[in-house]
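Inside the fold
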Amino acid sequence: MTVSIHETHLQEVHAHATHGYLHSIESGAAVDGPGMRFVFFMAGCLFRCLYCHNPDTWKLHNGQKVTVKDLVREVHGYAGFLKNSGGVTFSGGEPMMQAEFVGKTAHAIKKRFGLHIALDTQGYLHGNVPDEWFDDFDLIMLDIKHINPDRYKALTAQPLQPTLDFAERLARLGKTMRVRYVLVPGWSDAPDEVAGMADYVAHLRDDLGADIEMIELLPFHQLGVSKWDQLGMTYQLRDLRAPTPAETEAARDIFRSRAFTVT
Ligand code: SF4
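Reading the values: rules and limits
- Within each chain, residue numbers correspond to sequence positions counted from 1 in written order.
- Totals for whole chains, interfaces and linings use every residue, but because this is a predicted model, local features are given only for residues with pLDDT of at least 70 and side-chain atom pairs only at 80 or more, for both listing and counting.
- Side-chain measures here rest on the full set of heavy atoms in the structure, leaving out hydrogens and waters.
- For two strands to count as paired, DSSP must find a minimum of two bridges between them.
- Elements are defined by DSSP. Helices are runs of H or I of four residues or more, strands are runs of E of two residues or more, and each kind is numbered from the N terminus.
- Look down the strands so they point away from you; if the path from the first strand over the helix to the second goes clockwise, the crossover is right-handed.
- Any residue under 20% of the maximum accessible area for its type is buried, any over 50% is exposed, and the rest in between are partly exposed; the area is computed with a 1.4 Å probe on protein chains only.
- A helix is expected to reach a length of 1.5 Å times the quantity of its residues less one.
- As a rule, the C-alpha atoms of each element are fitted with a line to give its axis, helices using only the stretch in contact, and angles between N-to-C directions run from 0 to 180 degrees.
- By definition in these notes, contact holds between two residues if any of their heavy atoms fall within 4.5 Å.

1. What about the pairing of strand 8 (residues 211-219)?
As defined by bridge partners, strand 7 (residues 176-183) adjoins strand 8 across eight bridges and the pair is classed as parallel. Bridge pairing in strand 8 places Leu-183 opposite Pro-219. The parallel pair strand 7 and strand 8 is bridged by helix 7 (residues 191-206), and the resulting crossover is right-handed.

2. Notes on the pairing of strand 2 (residues 36-42)
Regular strands show a simple pattern: their side chains alternate between the two faces of the sheet. Where burial is concerned, most of strand 2 is hidden: six out of the seven residues are buried. Bridging between strand 1 (residues 20-29) and strand 2 involves five bridges; their strand directions are antiparallel. Within strand 2, the position partnered with Glu-26 by the bridge is Val-39. The antiparallel pairing of strand 1 with strand 2 creates a hairpin that spans six residues between the two strands, and Gly-33 there sits at a positive phi of about 130°. Judged from the seven bridges that link them, strand 2 and strand 4 (residues 86-92) form a sheet pairing that is parallel.

3. Some details on helix 4 (residues 99-113)
With 15 residues, helix 4 ought to run about 21 Å at 1.5 Å a step, and its terminal C-alpha atoms sit 21 Å apart, in line with that. Those residues of helix 4 lying buried are Ala-99, Phe-101, Val-102, Gly-103, Thr-105, Ala-106, Ile-109 and Phe-113.

4. Focus: the sheet that holds strand 7
Taken in spatial order, the eight strands of this open sheet run 3-1-2-4-5-6-7-8, and their pairing is mixed. Across the chains shown, the open sheet's two edge strands, defined by having one partner strand only, are strand 3 (64-66) and strand 8. Each strand of the sheet is rotated relative to its neighbour by a mean of 30°, with strand direction disregarded. Contacting strand 1, strand 2, strand 3 and strand 4, helix 2 (residues 68-76) runs over the sheet at an angle of about 155° to strand 2. Here helix 9 (residues 245-256) sits on the sheet in contact with strand 7 and strand 8, set at roughly 160° to strand 8.

What follows is the structure, given as structure tokens:
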């Protein structure tokens, strides 16, 4: 019998509901949500993005085994500060790889400290959780890596449709979203590709009523290359240049022309 990647993941989730696997923590991040963020980088990701700058997060069991209480304790000393100036973000890797554990931890942090909680995800595994799972998250930062299904698959090794289904689900749920788009020269920076993405996000907003707080357009960079080398993996984008500031601004303007706030 063939066990699908989806079924395998579900078995993982249920086997590890009482504990999770944490890659690392950043206690003062300024880029992973509004204000200052306390970020949990969860281990595990089913994607294989060519430009991934955290390939060391891919394997679930390479992370540190932790409980909900452990993570609540980590936040405790910062909670007073975060209450007024930011919040907690679950990132990765892909935090929905450990949906049950992350949901329980977010719930415990929300209940105990009342903090703003954000989820940084590509959304692929959203079908594993019920609508109520999102109740403790104030902001979903949805990473849509390309709007063309073939290019998306080439870039990430996974299909696009689950992520689009998730975006439409978030619109239905009325969740506040930020859409993240990585500008990769030769991969996702052609004006028609950026315009296709901008049109899709405008459709989410204008036709489906999605609450799009802003677009985060992130220029590709080479900061993760040493991790690929350390892991002995072939980094295919080694010779790719970063977009120039002018190219990045031109892409941002494509979103701005559709009345989005862009950073
Ligand atoms: S989804 Fe994120 S963590 Fe996973 S491979 Fe892509 S960039 Fe890396």
